[in-house]
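# Coordinate inspection notes
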Amino acid sequence: MAGTIEKKASPRQKLLAAADELFYSEGIHSVGIDRVIERAGVAKGSLYYNFSGKDDLVREYLVGRHAAWTTRIDAAIAAESDPTARILAIFDVLGELFAKPDFHGCAFMNAMSEAPEGGPELAAAAHFRIWLHGMFDDLVAALDVKNSSFLASQLVILYDGAVAAAQMDASPAAAQTAKSLAAMVIGAAPRR
């Protein structure tokens, strides 16, 4: 979302766009509310009219990140009919994400790393993780494998490893490596 904030957007949309850009690139707790308001180009009262405070804005920022990511992943999965190709398509989407110049890792991993106890980041990250595990569980269920939950767990680890490697090493190639390993573990999984 980096770039200019659309002038015709509502104050709420402008605040969310500014929060998305700033929180993702600089960190949730290093960016104050005043910076978000300034970046959004709205009056301070707009923040409190649309959100109960920073925690509410953080929660909505992460909800938006999750929704956008789910949309991208769902589209990639839907474009494939073969059960294995549907799983491997996830790693292609990761590769596209990693290649973006404004890639700063997983918004949820980053949020968790700076989350205060009881912060909204924790619930949002937990929700994201439930979705991620459930997605792989559902996709693996379409394969004819004996221990589908173990295979799904392996794929989650490959997903997480790819994200961490891409961020730490600044290497989009991590997605292709993870995709190759995913194909290997899927192929090696005992069949029913």
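Higher on the page you've got the structure.
My aim in this report is to walk through the structure given alongside it, one point at a time. (Residues numbered from 1 in each chain as written. Predicted model: local features only at pLDDT ≥ 70, side-chain atom pairs only at ≥ 80, totals over all residues. Heavy atoms only, no water.)

Turning next to the packing of aromatic side chains. The tally for this structure, following the rule as stated, stands at 6 aromatic pairs. Judged by centre distance (5.4 Å) and plane angle (75 degrees), the rings of Phe23 and Tyr61 are edge-to-face. Taken as a pair, Phe23 in helix H1 (residues 11-26) and Tyr61 in helix H4 (residues 54-78) lie far apart in primary sequence, 38 residues in all. Neither Phe23 nor Tyr61 differs from the other in exposure class; each is buried. (Phe/Tyr/Trp six-rings, centres within 6.5 Å; stacked < 30°, edge-to-face > 60°. Helix = DSSP H or I, 4+ residues; strand = E, 2+ residues; numbered from the N terminus. Buried < 20%, exposed > 50% of the residue type's maximum accessible area, 1.4 Å probe, protein only.)

What follows covers the nonpolar core. Grouped together as the largest cluster of nonpolar side chains are 63 residues, with contacts concentrated most on Phe98, Phe136 and Tyr159. Those elements giving two or more residues to this core turn out to be H1, helix H2 (33-40), H4, helix H5 (83-98), helix H6 (107-113), helix H7 (120-141), helix H8 (148-169) and helix H9 (173-188). Every residue in contact with Tyr159, bar those within four places of it in the chain, is listed here: Trp69, Ile90, Phe91, Leu94, Phe128, Leu132 and Phe136. (Core = buried A, V, L, I, M, F, W, Y, C linked by side-chain atoms within 4.5 Å. Contact = heavy atoms within 4.5 Å.)

Once that is clear, we can look at the pattern of salt bridges. If you walk through the whole model with that rule in mind, you get 9 salt bridges. One salt bridge in this structure joins Arg35 and Glu26, with 2.6 Å as the shortest N-O distance. A relative accessible area of 37% places Arg35 in the partly exposed class. Measuring nitrogen to oxygen at the nearest pair gives 3.3 Å for the salt bridge that ties Asp34 to Lys44. Taken together, the positions of Asp34 in helix H2 and Lys44 in helix H3 (residues 44-50) put the pair 10 residues apart, joining distant regions of the chain. (Salt bridge = Lys/Arg side-chain N within 4 Å of Asp/Glu carboxyl O.)

Between H5 and H9, the least distance of the axes is 8 Å, while the angle of their chain directions is 165 degrees. Comparing their axes, H9 and H5 come out roughly antiparallel. Between H5 and H9 the crossing geometry is right-handed. Within the contact between the two elements, H5 uses Thr84, Ile87, Leu88, Phe91, Asp92, Leu94, Gly95 and Phe98 and H9 uses Ala174, Ala175, Ala178, Lys179, Ala182, Ala183 and Ile186. In the contact of H5 with H9, the residues fall into 11 nonpolar, 2 polar and 2 charged. (Axes fitted to C-alpha atoms, helices over the stretch in contact; angles between N-to-C directions. Parallel < 35°, antiparallel > 145°, perpendicular 65-115°, else oblique. Left-handed = near helix turned anticlockwise from the far one by under 90°. Nonpolar A, V, L, I, M, F, W, Y, C, P; charged D, E, K, R; others polar.)

We now examine H5. The terminal C-alpha atoms of H5, which comprises 16 residues, lie 24 Å apart, in line with the 22 Å expected from a rise of 1.5 Å per residue. Looking only at H5, the buried set comprises Ile87, Leu88, Ala89, Ile90, Phe91, Val93, Leu94, Leu97 and Phe98. Next to the buried residues of H5 lie H4, H7, H8 and H9. (Expected span 1.5 Å × (residues − 1).)

Moving on to the environment of Asp137. Looking at the element boundaries, Asp137 is found in helix H7. Asp137 sits in the partly exposed class, given a relative accessible area of 36%. The spatial distance from the C-alpha of Asp137 to the C-alpha of Lys14 is 36 Å, given a sequence separation of 123 residues.

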